[in-house]
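Below are the chains, spelled out letter by letter.
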Amino acid sequence: MLVHTIKEVREKVKEWKTQGLTIGLVPTMGALHAGHKSLIDKSVEKCDKTVVSVFVNPIQFCPGEDLDKYPRTLDEDERLCNEAGVDLIFAPSPNEMYGQGHILSNDFLTYVIPPYFYVDKLCGKSRVGHFDGVCTVVNKLFNIVQPDFGFFGEKDRQQLIILKKMVKDLNIPIQIIPCPIVREESGLALSSRNKYLSEEDKKEALALSKILFNIKACYQKGITDCNALYETAFSYLNNHHSLEYLEFRDAENLEEKTIADNNTIVFIALKIGNVRLIDNISLGDL
Ligand code: PAF
């Protein structure tokens, strides 16, 4: 069932809550792919009812980013959700979410601002304000849907860590369920933004996963010095790539690591042409 208003969601949620059913929320910006499907499958398996939100959230895009050209494929998204057993798809308009004639500046809108230490690094460094927009919209979705569980992909690991922190700091009674990255056979992590890549770009994009897999292999062979691990990346880079960051950080609090351990996440962002791609790997997972 596809709905566009908060009122319709609230009515459904009320009905489910009176029946004592558990609710899972999978927040998305649409253009659903197998990565989203894995989150949906997890929710359908774990919860009595699953809600998928499809909303290209304007306040998490920075000036000059791809808000207007971000892929919007609601018909296909609806089909995928129905086949996967989703109970409710919530696809609001920006007016529905932020009010008619909304002004999206923080002079006029209440924002949820994550701690500076979590956002002054990695993607937050070049996407100033991005995580304010993410935390604000996810908080709104949590209030609208009132789920028991929220499902988020490890592909956006900094986002996941920040949202876990938000839930803890604001005592939000929702459990965040992290879901593993889904990769193409080639190693490329699935992302809605892969739609922007040409076949040639897609080959170039393999540098991200190759760098991460190689770092993990080196770590497993006993190299723990992060500088030494960092150096291994350069043999995979060429003049098609522009490395934005390659960093070793703690899985819970994003502190920088100099010596890698099983609690270390390696984060990478690489630009191929105009497309900025991110990926990460946990050195602790087998
Ligand atoms: O990860 C995303 O797709 C978005 O950041 C989210 C969590 C749906 C919020 O708009």
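Residues numbered from 1 in each chain as written. Predicted model: local features only at pLDDT ≥ 70, side-chain atom pairs only at ≥ 80, totals over all residues. Heavy atoms only, no water.

Chemist: Quick rundown of the overall build of the protein? Include the residues and the values.
Modeler: Helix and strand counts for the protein come out as ten helices and nine strands. At 19 Å, the protein has a C-alpha radius of gyration in line with the 19 Å of a compact globule built from 286 residues. Across its three principal axes, the protein shows a C-alpha extent of roughly 55 × 40 × 35 Å. Expressed as a percentage of its 286 residues, the buried residues of the protein come to 53%. Looking at the protein as shown, the accessible area adds up to about 13700 Å², and 49% of this sits on carbon and sulfur atoms. Each charge class in the protein can be summarised by its mean position, and for the 33 positive and 40 negative side chains these summaries are 2 Å apart. (Helix = DSSP H or I, 4+ residues; strand = E, 2+ residues; numbered from the N terminus. Rg over C-alpha atoms; globule rule 2.2 N^0.38 Å. Buried < 20%, exposed > 50% of the residue type's maximum accessible area, 1.4 Å probe, protein only. Areas by Shrake-Rupley, 256 points an atom, 1.4 Å probe, with all protein chains shown as cover. Lys, Arg positive; Asp, Glu negative; His and termini not counted. Charge placed at Lys NZ, Arg CZ, Asp CG, Glu CD.)

Chemist: Can you tell me about unusual backbone geometry, naming the residues and giving the values?
Modeler: One non-glycine residue, Asn171, lies in positive phi territory at about 50°. Looking at the secondary structure, you find Asn171 in the loop between α8 (157-169) and β6 (175-179). Its relative accessible area of 65% is what places Asn171 among the exposed residues. The phi torsion at Leu254 lies on the positive side, around 65°, for a residue other than glycine. The class of Leu254 is buried, set by a relative accessible area of 0%.

Chemist: Kindly report on the packing of aromatic side chains, identifying the contributing residues and their values.
Modeler: Aromatic ring pairs are defined here through the distance separating the ring centres and the angle between the ring planes. With the rule as written, the count across this model stands at five aromatic pairs. For the pair Phe142 and Phe152, a centre-to-centre distance of 6.3 Å together with 80° between the ring planes defines the contact as edge-to-face. Of this pair, Phe142 sits in helix α7 (residues 130-145) while Phe152 sits in strand β5 (residues 149-153), placing them ten residues apart in sequence. Assessed through its relative accessible area of 4%, Phe152 is described here as buried. (Phe/Tyr/Trp six-rings, centres within 6.5 Å; stacked < 30°, edge-to-face > 60°.)

Chemist: Describe the sheet that holds strand β8 (residues 264-272), listing the residues and the values that go with them.
Modeler: Sheets are built from strands paired through backbone hydrogen bonds, the pairs being either parallel or antiparallel. Spatial ordering of the open sheet is given by β7-β8-β9, a layout of three strands whose pairing is antiparallel. Across the chains shown, the open sheet's two edge strands, defined by having one partner strand only, are β7 (241-250) and β9 (275-282). In this sheet, neighbouring strand axes are inclined to one another by 15° on average, regardless of whether the strands run parallel or antiparallel. Bridge count for β8 against β9 is eight bridges, and the pairing is antiparallel. (Pairing = 2+ DSSP bridges. Axes fitted to C-alpha atoms, helices over the stretch in contact; angles between N-to-C directions.)

Chemist: So what about the pairing of β6? Which residues, and what values?
Modeler: Of the strand pairs in this sheet, β5 and β6 are connected by five bridges, and their pairing is parallel. Within β6, the residue paired with Phe151 across the bridge is Ile177. With α8 bridging β5 and its parallel neighbour β6, the resulting β-α-β unit is right-handed. (Right-handed = clockwise from strand over helix to strand, strands pointing away.)

Chemist: Give me the environment of Lys37: which residues, what numbers.
Modeler: Tracing the backbone through its elements, the reader meets Lys37 in helix α2 (residues 34-46). By relative accessible area, Lys37 is classed as partly exposed at 31%. Placed 149 residues apart in sequence, Lys37 and Ser186 show a C-alpha to C-alpha distance of 19 Å. What Lys37 contacts, discounting residues up to four positions off in sequence, is Leu80 and Ala84. (Contact = heavy atoms within 4.5 Å.)

Chemist: I'd love a proper account of the nonpolar core, names of residues and values included.
Modeler: Formed by 47 residues in total, the largest nonpolar core has its most connected members in Val9, Phe90, Met97, Val138, Phe142, Leu163 and Met166. At the level of elements, α1 (6-18), β2 (23-28), β4 (88-90), α4 (94-98), α5 (116-119), α7, α8 and β8 are the ones that each hand at least two residues to this core. The dominant element in this core, judged by the number of residues it contributes, is α7, at nine residues. Grouped together as the second largest cluster of nonpolar side chains are 25 residues, Leu188, Leu197, Leu206 and Tyr219 included. (Core = buried A, V, L, I, M, F, W, Y, C linked by side-chain atoms within 4.5 Å.)

Chemist: Any chance you could break down the environment of Ser191 for me, citing the residues and the numbers?
Modeler: When you line up the elements, Ser191 lands in the loop between β6 and α9 (199-220). The class for Ser191 is buried, based on a relative accessible area of 18%. Residues Ser191 and Leu32, 159 residues apart in the sequence, show an inter-C-alpha distance of 8.9 Å. With near-sequence residues (within four places) excluded, Ser191 lies in contact with His33 and Lys155. Side-chain polar atoms of Ser191 contact the backbone nitrogen of Arg193, separated by 3.0 Å. (Polar contact = N/O pair within 3.5 Å; in protein donor to acceptor, adjacent residues only side chain to side chain.)

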